[in-house]
Amino acid sequence: MSKTLDNQMQQEIDKRRTFAIISHPDAGKTTLTEKLLLFGGAIREAGTVKARKASKHATSDWMEIEKQRGISVTSSVMQFDYNGHRINILDTPGHQDFSEDTYRTLTAADSAVMLIDVAKGVEAQTIKLFQVCAKRGIPIFTFINKLDREGRNPFDLMEELEQVLGIRSVPMNWPIGTGRDLCGVYDRMQSQVELFQGDDHSTIQVQKVEDYNDPVIREMAGEFLHDQLCQDLELLDVAGDPFDMEKVQRGELTPVFFGSAINNFGVQTFLENFLKLAPKPEPRKSTAGLIEPTNEKFSGYIFKIQANMNPAHRDRIAFLRIVSGKFQRGMSVKHVRAGKEIKLSQPQQFLAQDRDIVQEAFPGDIIGLFDPGIFRIGDSLSQGSEVVFDELPTFSPEIFAKVTVKNALKHKQYQKGIDQLTEEGTIQVFQTVSFDDTLLGVVGQLQFEVFEYRMKGEYGVDVQLQRMSYQFARWIIDENIDPSKFRINSTLVKDKKGNYVVLFENEYAMRTAMEKNPTAKFLETAP
Ligand code: G4P
């Protein structure tokens, strides 16, 4: 590569930040995303993201389910520019009926923003998503939202982060008052106060100060709140963790920001600090070792496949995370698994409002590829050499059902549907070892509804699902597997690739099995 091209690549890589927002439903993810897009000028008015959610429903028939339930099951990507940065936000479904897709999407992110409701603290879905991020060791930034409401004490929340998630935290700013008394935050890194004024906290005044003892804060916030602030910050200075960039990068320490997304309060400073601290596109592991973004050959992997965004065509869109090199429209790349050269002619980039045809893209970017049925989750595409990225993990499903086809004559279509929906990652399929029953496993209940709906709509097959009481799946590695050992509150099944998996009804059954089979390995993700 020439020096100028090299420089251009480096600049493109340096300015990119690709991250996901992880949270429990209702914490304010849509609101925060919208404010970030507003700063970037990607949208002009608030309400657009919500409206977009609604309009997407109209263009997709099986998403009728979403419309009926008023939720979004699909995760998408939003790109915008801010202060010389190019930002890719990976959206993760917010409803508790989220799916394995949500987990897989996190593998395409280089960092995560964990959004927490100040009154509710760490909630169930946040824990699950956090764990996936923590396993990858990516940096996690915390935004504690809804500070305009009465909430929990910030020290309690920090304690909870440590107790529940096992991560230490370092507050980057600290609230001056909370709820109705909230008047601003003190920025610990830049020694400045941001004050919110007016009932809606809309006017923000930023003032540089000496430190938190500065009498200027006392004048602005009053004696009571200033005393409280000084007390809290003295304690933090003495007993809190100092900011340590290396620990942040390893995902061992989370920088915490307090704010209120709806009032646009603390959002801009959060964004600016986040952009400074968050990693640029990271290398990914492959059969050829670590692939650096600066590697001149284009490469990437597919982490998500979404069907039927346009009801007129039964097409699918495969989402590809670019790992290295420059993408150019019309380029030919190797589809490594299929052993074929393919031309990437109609790639799409996902902006806030529209899908645009993308001409070029760089490491960290996500592009949507038209998929006539040639891609599977985890497929690698590369230019020149045969790079295969580490397979995306298959996550343990949490809900299971036995599936049967109502009309036996439809067996062929049924099989085709199952195969295709497995490839897309909508469901996981297991066969029981003892009776050869077919079981489906999913992460969220909604996936069953999507499965039934699509089997009927696309393959003309009526299926019957019978819920099973299993809650956990563990891939088992054992030299002498004995199915009779897994009869009480558990069952032995095989996954699509023939790996043995044990399904358990409860944690107790799982623990007992582990104790009784000390030589066996029980894995949370497929080997
Ligand atoms: P989600 O995507 O994480 O599910 O959350 P969303 O942004 O939809 O926000 C959930 C609710 O919380 C919304 O209220 C939203 O207005 C509110 N909210 C978000 N940020 C803040 C904040 O900083 N302070 C306060 N007080 N509320 C906040 P809603 O009544 O459910 O919906 P809507 O009628 O406002 O759309």
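Residues numbered from 1 in each chain as written. Predicted model: local features only at pLDDT ≥ 70, side-chain atom pairs only at ≥ 80, totals over all residues.

Our working definition: UniProt positions are given in the numbering used here, feature names are shortened, and annotations may be inferred rather than shown by experiment.
Under an unreviewed UniProt entry, the name given to the chain is Peptide chain release factor 3, and the source organism is Paenibacillus enshidis. Taken from UniProt, the Subcellular location (unreviewed entry) comment for the chain reads in full: "Cytoplasm". The UniProt entry for the chain carries the following text under Sequence similarities (unreviewed entry): "Belongs to the TRAFAC class translation factor GTPase superfamily. Classic translation factor GTPase family. PrfC subfamily."

### A word on the overall build of the chain
As a reminder, the rule being used: Secondary structure follows DSSP: runs of H or I at least 4 residues long count as helices, runs of E at least 2 residues long count as strands, and numbering of each begins at the N terminus. Any residue whose C-beta has 12 or fewer other C-beta atoms within 10 Å is treated as exposed, any with 20 or more as buried, and any in between as partly exposed, C-beta atoms being built from the backbone. Two residues qualify as being in contact provided that their C-beta atoms, derived from the backbone, are within 7 Å of each other.
Along its length, the chain carries 14 helices and 31 strands. Out of the 527 residues in the chain, the part that is buried amounts to 45%. Taking all contacts inside the chain whose residues are at least 6 apart in sequence as the whole, residues at least 24 apart take part in 70%.

### Notes on the nonpolar core
Defined as follows: Joined through C-beta atoms within 7 Å, a set of buried Ala, Val, Leu, Ile, Met, Phe, Trp, Tyr and Cys residues constitutes a nonpolar core.
Formed by 121 residues in total, the largest nonpolar core has its most connected members in Ala 112, Val 113, Met 114, Cys 133, Ile 302 and Leu 320. For this core, the element with the most residues is strand E15 (residues 316–324), which contributes six residues. Once you skip the residues sitting within four places of it in the chain, Leu 320 turns out to touch Gly 300, Tyr 301, Ile 302, Ile 366, Ile 367, Leu 369 and Leu 381.

### Observations regarding the sheet that holds strand E28 (residues 472–477)
Worth spelling out the cut-off: At least two bridges found by DSSP between two strands is the condition for calling them paired. Axis lines are fitted through C-alpha atoms, for helices just across the contact stretch, and the angle between N-to-C directions can take any value from 0 to 180 degrees.
In space, the eight strands of this open sheet follow the order E27-E24-E26-E25-E29-E30-E28-E31, with antiparallel pairing throughout. Of all the strands in the sheet, the pair left with one neighbour each is strand E27 (463–468) and strand E31 (521–523). Recorded for the sheet is a direction-independent mean angle of 40 degrees between the axes of neighbouring strands. Both strand E24 (residues 399–405) and E27 contribute to a ladder of six bridges, which runs antiparallel. When the bridges of E27 are listed, Val 403 appears paired with Leu 465. Running over the sheet, helix H14 (residues 507–516) touches E28, strand E29 (490–495), strand E30 (500–504) and E31 and is turned about 135 degrees from E30.

### Things to note about the sheet that holds strand E2 (residues 77–82)
A sheet is described by the order of its strands in space; here seven strands give the open sequence E2-E3-E1-E4-E5-E11-E6, paired in mixed fashion. Strands with a single pairing partner mark the edges of an open sheet, and in this sheet they are E2 and strand E6 (168–171). In this sheet, adjacent strand axes meet at a mean angle of 30 degrees when their direction is disregarded. Sitting on the sheet, helix H6 (residues 124–136) is in contact with strand E1 (16–23), strand E4 (111–117) and strand E5 (140–145), with an inclination near 145 degrees to E1.

### Topic: the site of the ligand
Quick note on the threshold: Whether a residue is near a molecule or strand depends on its C-beta atom, generated from backbone atoms, being within 6 Å of that molecule or strand. Each residue is assigned to one class: nonpolar for Ala, Val, Leu, Ile, Met, Phe, Trp, Tyr, Cys and Pro, charged for Asp, Glu, Lys and Arg, and polar for all the others, Gly among them.
In the vicinity of the ligand lie 17 residues, with Gly 28, Lys 29, Thr 30, Thr 31 and Ser 260 positioned nearest. Ranked by residues supplied to the shell around the ligand, first place goes to helix H2 (residues 29–39) with three residues. A class-by-class count of the residues in the shell around the ligand yields four nonpolar, eight polar and five charged.

### With respect to the packing of helix H12 (residues 411–423) against helix H13 (residues 446–459)
In plain terms, the rule: Roughly parallel here means an angle under 35 degrees, roughly antiparallel means over 145, roughly perpendicular means 65 to 115, and every remaining angle is called oblique. Note: crossing handedness is left-handed where the near helix turns anticlockwise from the far helix by less than a right angle, and right-handed where it turns clockwise.
For the pair H12 and H13, interaxial distance at closest approach is 10 Å and the crossing angle is 125 degrees. What the angle tells us is that H12 and H13 run oblique. Taken as a pair, H12 and H13 cross one another with a handedness that is right-handed. Along the contact surface, H12 presents Gln 413, Tyr 414, Lys 416, Gly 417 and Leu 421, while H13 presents Phe 451, Arg 454, Met 455, Glu 458 and Tyr 459. Counted by class, the contact of H12 with H13 contains five nonpolar, two polar and three charged residues.

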